[in-house]
There are 2 protein chains.
Amino acid sequence: LKIALLGIGLIGGSIGLAARERTGAQVCGYDGDPTVRAHARALGAIDAEATDVAAAVSDADIVFAATPLAALPAVVQAVLAAAPPSCVVSDVGSTKLALAPLAHDQRFIGGHPLAGAETAGVAHARADLFDGATWYLTPTPTTSGVLYERLHRFLVSLGAQPLAIDAPLHDRLMACFSHLPHVLANLLVGQGRALADALGADQQLPAAGPSFRDATRVAGANTAIWRDIYLSNRLPLIEELDTAITRLGEFRALLAAADAAVTDDIDPRVGVDTAVTANAAAAAIAAWNDRARADRQTLLGAGLAGAGGEPVHELRASVPNRPGVIADIALALGHAGVNIVDLALAPSPDNSAGQIALWVRGAGPAARARELIAGLGFPVVTP
Amino acid sequence: LKIALLGIGLIGGSIGLAARERTGAQVCGYDGDPTVRAHARALGAIDAEATDVAAAVSDADIVFAATPLAALPAVVQAVLAAAPPSCVVSDVGSTKLALAPLAHDQRFIGGHPLAGAETAGVAHARADLFDGATWYLTPTPTTSGVLYERLHRFLVSLGAQPLAIDAPLHDRLMACFSHLPHVLANLLVGQGRALADALGADQQLPAAGPSFRDATRVAGANTAIWRDIYLSNRLPLIEELDTAITRLGEFRALLAAADAAVTDDIDPRVGVDTAVTANAAAAAIAAWNDRARADRQTLLGAGLAGAGGEPVHELRASVPNRPGVIADIALALGHAGVNIVDLALAPSPDNSAGQIALWVRGAGPAARARELIAGLGFPVVTP
């Protein structure tokens, strides 16, 4: 297997190390900075250096574009112009919609490994960076099944867990579950610093329990990476910000209603708190907090399901040999939260149809996968 | 030393355990629920049960009101009506301004230990709950110096680090550094759940890196406690929410400006991202993120200063024997971030003046303390 890497930073370098150590693949790397190429070679992340994109990909089986996010569209276009017809081309960018137009080429499948966003540079690359990490893939109706299979299996051999998802859904989920928390962390440190300044207090973090530290751990993350993420995902993020602003305003209104109730019904001594807790706004605040606990339990509780060491089940489905079939199956399972541990394609002798074998962990997820694939119109058997 | 506890939950019970194990004090406890009193006695958190507030405090040296926040004003009033003239009365509520009117009585000093907010009940009480914990105290110009000294030294003997602060400043800092992070955690889980629902996705938390988990660890914290905190601190919290809404709107405007720039200057192929990163909005987003990193470093870096094992320095100041002097000194040092490891008062023979001895860790903080106390007009010597 021949792998080409374009851009050899933390992610590209870690792909190279894992590929060479775990799969025996040959890795050819290109980076705009020749000292990075030399460093990558010295570290064992690549076997060979290429001096331009075309040379790097000319005989590759799998190409990863691993440059900064802003450069990816141009780089992937250049790769598709130079790569062989049977090569699968992917990227590692944190947002996926900007590259979606390139998926008109059946060789391109967008990707996003959830690993290593905070440090940068090939010097930090590690062969085990992707162990157990979710690696999103964004196949489309034009995606070649053979190429999807090759990419999926290679990522599994790196230690990752590929998960198919629509590009727009990916970007909306990231806006809410990753980018918004980063924005709020930045907000909190800025607001805390401004308050400390305004009060003329020492600028140290006042003792206040662990919530502020927990909530601001990612504040001011690598600007070169995060500027591009915010910009690239600006539309979904604007939607999430609008929702956040609305919801904060709603909670503010509950507090203001509680305050108004006190002013109407103030205890002339001191006990205003007792008056407040008795009113409707107080009940609404309690309900709001209870809902948050339930939401958290739903999100986290469900996320833990099926994570254990249950046995892997094999499913086989007969599928027509046309583009998009594997993407349909992978997306249906991905959206239902069913991980495909591994998959393999076997074409029929005349190449008109084929069989896909899927391995899924856990009896429940396997049953769900069977149901979903049958729902797509493909007969499933359990061997 | 005789201690009275009113309300024997996690905090009250832990005060009792620590007092009995570490100081040899006698602890008398009252709780509205007789089974709680019996449980506290069985656990060794109290020596004796009282059957009402007056009986509990009648011969106490130090009283802690440790009921839920909403009940504190009435309980502290009842305590002050029944407690001896030489008794110091404190509380453990998470906000301090609601009780500030009670400080017209020189025996009352508001308190707030930063410990154990998430679990409740005497069954979880521990003698080591306050080890190393900041314990805010809110002395005022009417505070008795002798009673402040007694309370401070007792809290040190429990393992805590008392820190003097103005009640309004305490509540504003908590609004920003504790209550707002809790509101944002609740916001995030609600928004995440709503998005998952809207997309018809599985309700599990999508794989998205650690930022969401970190930011939502405190979501839906104990409603009985947090409803009262939000209500009690509603005005400072409304201010913080207004600031947060404004700042989120400002960041949204940066993203919208970036988007408008792309629409004006779109790359007809795919490379919109390159166009975006070149414009002024992109530079503003980068600067915004850089500022967050600097703010975080300032807040955390300063917070770590002086935490090490530097030697403790003793300072002695001659002070007039009038109320408020100790409060002035404690507040001046507290606002400058100088911890008073311990303090002791020695009255002059005719009781008209006295000497206060202070122990401060680290040469820098000790020098600062000396300067601050001298600035208040009290001569300081280093013995």
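Residues numbered from 1 in each chain as written. Chains lettered and ligands numbered in written order. Predicted model: local features only at pLDDT ≥ 70, side-chain atom pairs only at ≥ 80, totals over all residues. Heavy atoms only, no water.

Peer 1: Sorry if this is basic, but what is going on with the overall build of chain A here?
Peer 2: Along chain A, the regular secondary structure elements total 13 helices and twelve strands. Summarising the internal contacts of chain A: among those between residues at least 6 apart in sequence, 72% fall at separations of at least 24. A total accessible area of about 14,300 Å² is found for chain A, and carbon and sulfur atoms account for 55% of it. (Helix = DSSP H or I, 4+ residues; strand = E, 2+ residues; numbered from the N terminus. Contact = heavy atoms within 4.5 Å. Areas by Shrake-Rupley, 256 points an atom, 1.4 Å probe, with all protein chains shown as cover.)

Peer 1: For this particular structure, what's the right way to read the relation of the copies chain B and chain A?
Peer 2: The operation relating the two chain copies consists of a rotation about an axis and a shift along that axis. Rotating chain B by 180° about the axis while translating it 0.0 Å along that axis superimposes it on chain A, leaving an RMSD of 0.0 Å. Expressed as a symmetry operation, the mapping of one chain copy onto the other fits a two-fold axis. The position closest to the rotation axis in chain B is occupied by the C-alpha of Ala 215 of chain B, lying 2.1 Å away. (Least-squares fit on C-alpha atoms with pLDDT ≥ 70 in both.)

Peer 1: Help me out: how do you make sense of the pattern of salt bridges in this one?
Peer 2: If the charged atoms of two oppositely charged side chains come close together, the side chains can form a pair. This structure, assessed with the given rule, holds 42 salt bridges over all chains. Note that Asp 105 of chain A is salt-bridged to Arg 107 of chain A, the shortest N-O span being 2.7 Å. The exposure class assigned to Asp 105 of chain A is buried, which follows from its relative accessible area of 15%. For Glu 371 of chain A, the salt bridge goes to Arg 368 of chain A, with nearest N and O atoms at 2.8 Å. Here Glu 371 of chain A and its partner Arg 368 of chain A are both found in helix α13 (residues 363-375), three residues apart, which amounts to about one turn of the helix. Under the relative-accessibility criterion, Arg 368 of chain A is labelled partly exposed at 36%. Here the salt bridges do not stand alone but share partners, grouping Asp 214 and Arg 217 of chain A together with Asp 214 and Arg 217 of chain B into one network. (Salt bridge = Lys/Arg side-chain N within 4 Å of Asp/Glu carboxyl O. Buried < 20%, exposed > 50% of the residue type's maximum accessible area, 1.4 Å probe, protein only.)

Peer 1: Any chance you could explain helix α6 (residues 167-198) of chain B here in plain terms?
Peer 2: Quick reminder: α-helices carry 3.6 residues per turn. Residues three or four places apart thus point the same way. All names here are of chain B. With 32 residues, α6 extends 44 Å between its outermost C-alpha atoms, agreeing within 8% with the 46 Å of an ideal straight helix rising 1.5 Å per residue. Along its length, α6 reaches its greatest deviation from straightness, about 45°, at Ala 175. In terms of residue burial, α6 counts as a mostly covered element, since 27 of its 32 residues are buried. (Expected span 1.5 Å × (residues − 1). Bend = angle between axes of the 7 residues up to and from the residue.)

Peer 1: Explanation requested: the pairing of strand β5 (residues 88-91) of chain A in the structure shown.
Peer 2: Successive residues of a regular strand alternate their side chains across the two faces of the sheet. Residue and element names in this part refer to chain A. Alternating positions in β5 separate into two faces, Val 88 and Ser 90 on one and Val 89 and Asp 91 on the other, with burial throughout. Direction of pairing for strand β4 (residues 62-65) relative to β5: parallel, over a ladder of four bridges. Across the sheet, the residue bridging to Phe 64 is Ser 90, located in β5. Following the chain from β4 across helix α4 (residues 72-82) to the adjacent parallel β5, one finds a crossover that is right-handed. (Pairing = 2+ DSSP bridges. Right-handed = clockwise from strand over helix to strand, strands pointing away.)

Peer 1: What's the story with helix α2 (residues 34-43) of chain B in this structure? I'm lost.
Peer 2: Residue and element names in this part refer to chain B. Along α2, the residues that are buried comprise Val 36, Arg 37 and Ala 40. End-on, the buried residues of α2 take up no more than an arc of 100°, which puts them together on one face. In α2, the exposed residues that point more than 90 degrees away from the buried face are Thr 35 and Ala 42. (Arc of directions from axis to C-beta.)

Peer 1: Is there a simple way to think about the sheet that holds strand β12 (residues 380-381) of chain A in this case?
Peer 2: Sheet strands associate in pairs through backbone hydrogen bonding, adopting either a parallel or an antiparallel arrangement. Residues and elements named next belong to chain A. Read across the open sheet, the four strands follow the order β10-β11-β9-β12; overall the sheet is antiparallel. Edge positions in the open sheet fall to β10 (340-347) and β12, since each of these has one partner strand only. As paired strands, strand β9 (residues 312-320) and strand β11 (residues 353-361) are joined by nine bridges and run antiparallel to one another. Looking at β11, one finds that Ser 318 is bridged to Gln 355. In the packing of α13 onto the sheet, contacts are made with β9, β11 and β12, and the angle to β9 comes to roughly 5°. (Axes fitted to C-alpha atoms, helices over the stretch in contact; angles between N-to-C directions.)

Peer 1: How do you make sense of the interface of chain B and chain A when you look at a structure like this?
Peer 2: By convention, interface size is frequently given as the accessible area that disappears when the constituent parts associate. Facing 106 residues of chain B, the contacting portion of chain A comprises 106 residues. In total, about 10,000 Å² of surface goes out of reach between chain B and chain A, with carbon and sulfur atoms giving 68% of it. Inspection of the chain B/chain A interface yields 24 residue pairs in polar contact (both at pLDDT 80 or more). Counting residues per element, the ones that place at least two in the side of chain B that touches chain A are α4 (72-82), β7 (134-138), α6, α7 (211-215), α8 (223-232), α9 (234-264), α10 (272-277) and α11 (280-304) of chain B. (Buried area = accessible area lost by both parts, 1.4 Å probe. Polar contact = N/O pair within 3.5 Å; in protein donor to acceptor, adjacent residues only side chain to side chain.)

Peer 1: How should I be thinking about empty space enclosed by the protein in this particular structure?
Peer 2: Any empty space left between the atoms is revealed when a probe the size of a water molecule rolls over them. Tallied over the entire structure, the rule returns five cavities of 30 Å³ or more. Of the pockets and cavities examined, the largest cavity occupies roughly 50 Å³. Together, Pro 181, Leu 184, Ala 185, Leu 188 and Ala 215 of chain A together with Pro 181, Leu 184, Ala 185, Leu 188 and Ala 215 of chain B line the largest cavity. At the level of elements, α6 (167-198) of chain A together with α6 of chain B are the ones that each hand at least two residues to the lining of the largest cavity. Of the residues assigned to the lining of the largest cavity, the class counts are ten nonpolar, no polar and no charged. (1 Å grid on protein atoms, 1.4 Å probe; cavity = no way out; pocket = protein on both sides within 12 Å on 5 of 7 lines; lining within 4 Å. Points joined across faces, edges and corners; volume = space filled by probe spheres on them. Nonpolar A, V, L, I, M, F, W, Y, C, P; charged D, E, K, R; others polar.)

Peer 1: What should I look at first to understand the packing of aromatic side chains in this one?
Peer 2: Given two aromatic rings, their pairing is described by the distance between the two centres and the angle made by the two planes. One pass over the structure, following the stated rule, counts 16 aromatic pairs over all chains. Relative to Tyr 230 of chain B, the ring of Trp 288 of chain A lies with its centre 5.7 Å away and its plane at 75°, an arrangement referred to as edge-to-face. Taken as a pair, Trp 288 of chain A in helix α11 (residues 280-304) and Tyr 230 of chain B in helix α8 lie in two separate chains rather than in one. Assessed through its relative accessible area of 15%, Trp 288 of chain A is described here as buried. (Phe/Tyr/Trp six-rings, centres within 6.5 Å; stacked < 30°, edge-to-face > 60°.)

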